[in-house]
Amino acid sequence: MKNNNFIDFNDLQIEDLEKLCALADDIRANREQYSRALAGRVMATLFYEPSTRTQFSFQTAMLRLGGSVIGFSDPSNSSVAKGESLKDTTKIVSGYADVIVMRSPVEGTPYAASLYSEIPVINAGDGGHLHPSQTLTDMYTILKHKKRWTDLSIGICGDLLNGRTVHSLLKAFRRFSGNTFYLISTKELALPEYVYSDLISSNNTVHVVGSIEEVIDKLDILYMTRIQKERFASAEEYERQSGIFVLDTKKMEKAKKDLCILHPLPKVDEIEDAVDDDERALYFEQAKCGMYIRMALILTLLKNDLIKNPVYENIDAKKCKNPRCVTNHEKYLPKKAKSQNDSEWVCAYCECTNEK
Ligand code: NCD
């Protein structure tokens with residue numbers, strides 16, 4: 001595996017994150033200066049799952065740096081439809097392009113691809129697992145508006161079970177301290193155990209609450225999320241969970257004057273339209289920040305060796321228990337485990353707890 005992939009946000013050191021944010025600011029202020037920075041370089045965007053913002057922001061980021069883009073957003077138009085393995089697709093594309101940006105509904109796919117790629121692989125979202133470039137976007141937006149990643153009151157609302165942006169964001173915040181998190185969801189859509197236990201073992205305070213109303217006056221940041229319809233087993237189950245938490249102008253009356261409302265987007269019905277006009281609604285600005293921070297990421301990955309990815313040894317283990325794990329779809333993949341919190345072992349691809 002080449003040592004310069006962006007698979008998990010926490011592969012970044014905090015100083016690397018600070019450098020990326022500073023570079024994004026510089027790019028934003030001096031766009032012309034960077035407009036040929038990656039001339040002649042090619043990005044491949046391999047999207048096995050729908051996307052608007054992430055795909056377009058990576059593509060625009062590369063184009064604005066003077067590079068070009070190839071790829072697919074509908075795998076039925078590629079050799080994947082003929083049954084080509086992830087390993088073969090990755091090896092071929094890594095011979096053509098300089099960086100791969102990959103999204104998949106199957107958890108651990110970008111990490112699996114990185115094992116066979118000669119060029120950097122960026123995780124653009126893997127199933128319900130992680131979405132590190134959205135986390136970069138979120139952290140950059142928070143820094144711009146709050147000037148810090150510590151001592152904040154942060155409400156996280158919606159589908160905490162299936163929302164990969166939430167999992168990535170909370171994993172990132174685990175490395176900072178003094179924050180108070182209010183987790184706002186139904187019991188059915190509460191955080192997965194591995195994310196929750198990781199968060200409560202950090203130097204932050206965590207409260208599980210049942211409504212936006214009871215905490216909105218305390219919050220510095222409210223991170224709203226969509227109920228992830230595509231990850232439900234049936235339409236009925238989705239219907240039971242949708243429309244429960246809605247941010248509206250009435251609730252906003254109780255919020256602080258400098259509350260930041262964030263949302264990875266797309267939003268469906270969890271934010272009333274009128275809230276868009278409130279200057280505390282930062283989600284469109286957040287999406288714009290996403291393009292600049294992705295420019296900084298690509299530029300850094302292609303110009304030097306920023307990220308030192310951990311290497312996980314192959315292990316002799318039974319199959320991963322998670323049916324959505326890439327190892328249960330691409331059978332040739334070696335089993336790999338990593339240790340979590342120095343005690344338990346989790347699958348290195350999807351982070352599901354498995355017996356070693
Ligand atoms: C998110 C995603 O795909 O996980 N969107 C995004 O990348 N900006 C959130 C979502 O789909 O709800």
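The structure contained in this document is the topic of the report that follows. All of these numbers come straight from a predicted model, not from anything done at the bench. (Residues numbered from 1 in each chain as written. Predicted model: local features only at pLDDT ≥ 70, side-chain atom pairs only at ≥ 80, totals over all residues. Heavy atoms only, no water.)

We now examine the environment of Asp220. You can see Asp220 is positioned in the loop between strand S7 (205-209) and strand S8 (221-224). Given a relative accessible area of 9%, Asp220 falls into the buried group. Separated by 161 residues in the primary sequence, Asp220 and Gln59 have C-alpha atoms spaced 32 Å apart. Residues in contact with Asp220, not counting those within four places in the same chain, are Lys146, Arg148, Asp151, Leu152, Ser153, Lys256, Asp258, Leu259 and Cys260. Among the polar contacts made by the side chain of Asp220, one reaches the side chain of Lys256 at a distance of 2.9 Å. (Helix = DSSP H or I, 4+ residues; strand = E, 2+ residues; numbered from the N terminus. Buried < 20%, exposed > 50% of the residue type's maximum accessible area, 1.4 Å probe, protein only. Contact = heavy atoms within 4.5 Å. Polar contact = N/O pair within 3.5 Å; in protein donor to acceptor, adjacent residues only side chain to side chain.)

The next thing to look at is the pattern of salt bridges. Enumeration according to the criterion identifies 16 salt bridges in this entry. Arg41 is the partner of Asp98 in a salt bridge, and the nearest nitrogen-oxygen pair spans 3.7 Å. Taken together, the positions of Asp98 in the loop between helix H3 (86-96) and strand S3 (99-104) and Arg41 in the loop between helix H1 (14-29) and strand S1 (42-47) put the pair 57 residues apart, joining distant regions of the chain. You can call Arg41 partly exposed: its relative accessible area is 28%. A salt bridge links Lys171 to Glu351; the nearest nitrogen and oxygen atoms lie 2.9 Å apart. Of this pair, Lys171 sits in helix H6 (residues 164-173) while Glu351 sits in the segment after strand S11 (344-347), placing them 180 residues apart in sequence. Like Lys171, the residue Glu351 is buried in the burial classification. (Salt bridge = Lys/Arg side-chain N within 4 Å of Asp/Glu carboxyl O.)

Turning next to the sheet that holds strand S9 (residues 260-262). One open sheet accounts for 5 strands, arranged S7-S6-S5-S8-S9; its pairing is parallel. Strands with a single pairing partner mark the edges of an open sheet, and in this sheet they are S7 and S9. Each neighbouring strand pair of the sheet contributes to a mean axis angle of 15°, computed without reference to strand direction. One ladder, built from 4 bridges, connects strand S5 (residues 153-157) with S8; its direction is parallel. When the sheet's bridge partners are listed, Cys157 is paired in S8 with Met224. (Pairing = 2+ DSSP bridges. Axes fitted to C-alpha atoms, helices over the stretch in contact; angles between N-to-C directions.)

Turning our attention to the packing of aromatic side chains. Applying the stated criterion to the full structure yields 10 aromatic pairs. Look at Tyr111 and Tyr349: their rings are 5.1 Å apart centre to centre, the planes differ by 65°, and that puts the pair in the edge-to-face class. Here Tyr111, found in helix H4 (residues 109-114), pairs with Tyr349, found in the segment after S11; they are 238 residues apart in sequence, far enough to count as distant. Accessibility assignment for this pair places Tyr111 and Tyr349 in one class, buried. Look at Trp149 and Phe176: their rings are 5.4 Å apart centre to centre, the planes differ by 55°, and that puts the pair in the tilted class. Here the residue Trp149 occupies a position in the loop between helix H5 (132-146) and S5, and Phe176 occupies one in the loop between H6 and strand S6 (180-184), the gap between them amounting to 27 residues. In this structure, Trp149 and Phe176 share a single accessibility class: buried. (Phe/Tyr/Trp six-rings, centres within 6.5 Å; stacked < 30°, edge-to-face > 60°.)

Closest axis-to-axis distance for the helix H2 (residues 53-64)/helix H10 (residues 283-303) pair is 8 Å, and the angle between their directions is 55°. Viewed along their axes, H2 and H10 adopt a mutual orientation that is oblique. Here H2 runs over H10; the crossing is right-handed. Of the residues in H10, those touching H2 at Arg53, Thr54, Ser57, Phe58, Thr60, Ala61, Met62 and Arg64 are Ala287, Met291, Arg294, Met295, Leu297, Ile298 and Leu302. (Parallel < 35°, antiparallel > 145°, perpendicular 65-115°, else oblique. Left-handed = near helix turned anticlockwise from the far one by under 90°.)

On to the site of the ligand, then. Near the ligand the following residues occur: Thr54, Arg103, His131, Gln134, Arg164, Thr165, Arg226, Gln228, Pro264, Leu265 and Pro266. The separation between an oxygen atom of the ligand and a polar side-chain atom of His131 is 2.7 Å. One of the side-chain N or O atoms of Gln134 is found 3.2 Å from a nitrogen atom in the ligand. A total of 320 Å² of accessible area belongs to the ligand in isolation, and the protein chains cover 93% of it. In the shell around the ligand, the residues fall into 3 nonpolar, 5 polar and 3 charged. (Near = heavy atom within 4 Å. Areas by Shrake-Rupley, 256 points an atom, 1.4 Å probe, with all protein chains shown as cover. Nonpolar A, V, L, I, M, F, W, Y, C, P; charged D, E, K, R; others polar.)

The next thing to look at is the nonpolar core. In this structure, Phe6, Leu136, Met139, Ile156, Leu170, Phe173 and Ile298 are the most contacted members of the largest nonpolar core, which totals 59 residues. In terms of residue count, H10 provides more of this core than any other element does, 11 residues in total. Contacts of Leu136, omitting those with residues within four sequence positions, involve Phe6, Phe9, Leu12, Leu17, Leu20, Ile293 and Leu297. (Core = buried A, V, L, I, M, F, W, Y, C linked by side-chain atoms within 4.5 Å.)

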